[in-house]
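Report on the structure
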Amino acid sequence: MAPIKGRKANKNFPIFSLEVIIRNHVDIIFCVAMVINQYHGSCEQKNAVTNFSRRALPLCYCHCIMFFCVALQLTSPVSSLFVTLQYVQAPGPNTFQTYGTGLKDLFAIFYYFLICIVLRDIIQEYVLDKIVHKLHLSKSKNSKFNESGQLIVFNAVSLIWALYILVKDNWLADLSSLWIGYPYSTLSFSTKLFYIIQLAYWAHIMPELYFQKNKKENMFSRVKYSLLYLAFVSAIYITNFHRIGVVLLLLNYVCGLTKHAIKLIHITEKEEYYS
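The name given to the chain in an unreviewed UniProt entry is TLC domain-containing protein, with Acyrthosiphon pisum as the source organism. You can read under Sequence similarities (unreviewed entry) in the UniProt record for the chain the words "Belongs to the TRAM family." Per UniProt, the chain has the following entry under Subcellular location (unreviewed entry): "Membrane".

This is the structure:
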């Protein structure tokens, strides 16, 4: 029987091939993140992770995840390095819990690095892809739309979070508190988590560009600004300029949110509605 023209045969890649890993990388990362987290959850959460991995992934990947799960259970205190913030300081009278900084924060950054990849995929699949489908954008505009769309979400969340920190810690009422008392050896929970998320987000962009198979000419500029952000936030975190850093990041994300909102308007050619 002659083959039907215009129909390509499906390629069957080896189960541990790079192509299969790239296609399933979000599911794999989600399961790994939940395995790390499940020892702080209920039995229902643990069963949910197991059932999801069985439905979403090939059987051999499930076996690997379950092996990792058992290994981690034997050393469950290790999972707390990833999930909980480290360097807890003894609270004084009438004070909130504070945290220090150190190398153990890399575990939390890695954990939230995984979470950022999963959340990015959720935003892409359930929000941006649906909008792109309705707008019928070209492939070049599609890539730019997705990039700006992702950054708008992150900029908006970071802006609101930074503003919340400024108001909660009462730094706006007395601007001199931003530098008086430097170096600041401790951070509040919300401030430390803010910086952990910042570092995790800018770190996760680089592998995501590879997983999404972006063109090399488009990857360079994105990798460059991701590295610059990563270096800037790392410098703030390491040198303990936490308070001034929150203000600088707030101003930066106001500009970033405005910039990418304008880019989206330009990409979708809807400027006339706002003129």
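What follows continues from the structure just given.
**Describing the packing of helix α6 (residues 105–135) against helix α7 (residues 139–168)**
Their axes nearest at 10 Å, the elements α6 and α7 cross at an angle of 135 degrees. Comparing the axis directions of α6 and α7 gives the class oblique. With respect to the hand of their crossing, α6 and α7 are arranged in right-handed fashion. Two secondary-structure elements touch here, α6 through R120, I123, Q124, L128, I131, V132 and L135 and α7 through N142, F145, N146, G149, Q150 and V153. Residue classes in the contact of α6 with α7 are distributed as seven nonpolar, five polar and one charged.

**What to know about the sheet that holds strand β2 (residues 98–99)**
With antiparallel pairing, the three strands of this open sheet are ordered in space as β1-β2-β3. Bordering the open sheet on either side are β1 (88–89) and β3 (187–188), each of which pairs with just one other strand. Direction of pairing for β1 relative to β2: antiparallel, over a ladder of two bridges. Looking at β2, one finds that V88 is bridged to Y99.

Conventions adopted
One numbering rule holds for all chains: residues counted from 1, following each sequence as written. Reporting of local features is limited, given that this is a predicted model, to residues whose pLDDT is at least 70; pairs of side-chain atoms are given and counted only at 80 or more, and all residues count toward the totals for whole chains, interfaces and linings. Each side-chain value is derived from all of the structure's non-hydrogen atoms; neither hydrogens nor water enter the calculation. UniProt positions are given in the numbering used here, feature names are shortened, and annotations may be inferred rather than shown by experiment. Between the N-to-C directions of two axes lies an angle of 0 to 180 degrees, each axis being a line fitted to C-alpha atoms and, for a helix, fitted only over the stretch in contact. Numbering goes from the N terminus for both helices and strands, where a helix is a DSSP run of H or I of at least four residues and a strand is a run of E of at least two. Roughly parallel here means an angle under 35 degrees, roughly antiparallel means over 145, roughly perpendicular means 65 to 115, and every remaining angle is called oblique. Each crossing is labelled by how the near helix is turned from the far one, with a counterclockwise turn of less than a right angle marking it left-handed and a clockwise turn marking it right-handed. Should any heavy atoms of two residues lie within 4.5 Å, those residues are considered in contact. Amino acids outside the nonpolar list (Ala, Val, Leu, Ile, Met, Phe, Trp, Tyr, Cys, Pro) and the charged list (Asp, Glu, Lys, Arg) are all regarded as polar, and Gly is one of them. Pairs of strands are assigned from DSSP output, requiring at least two bridges between the strands.

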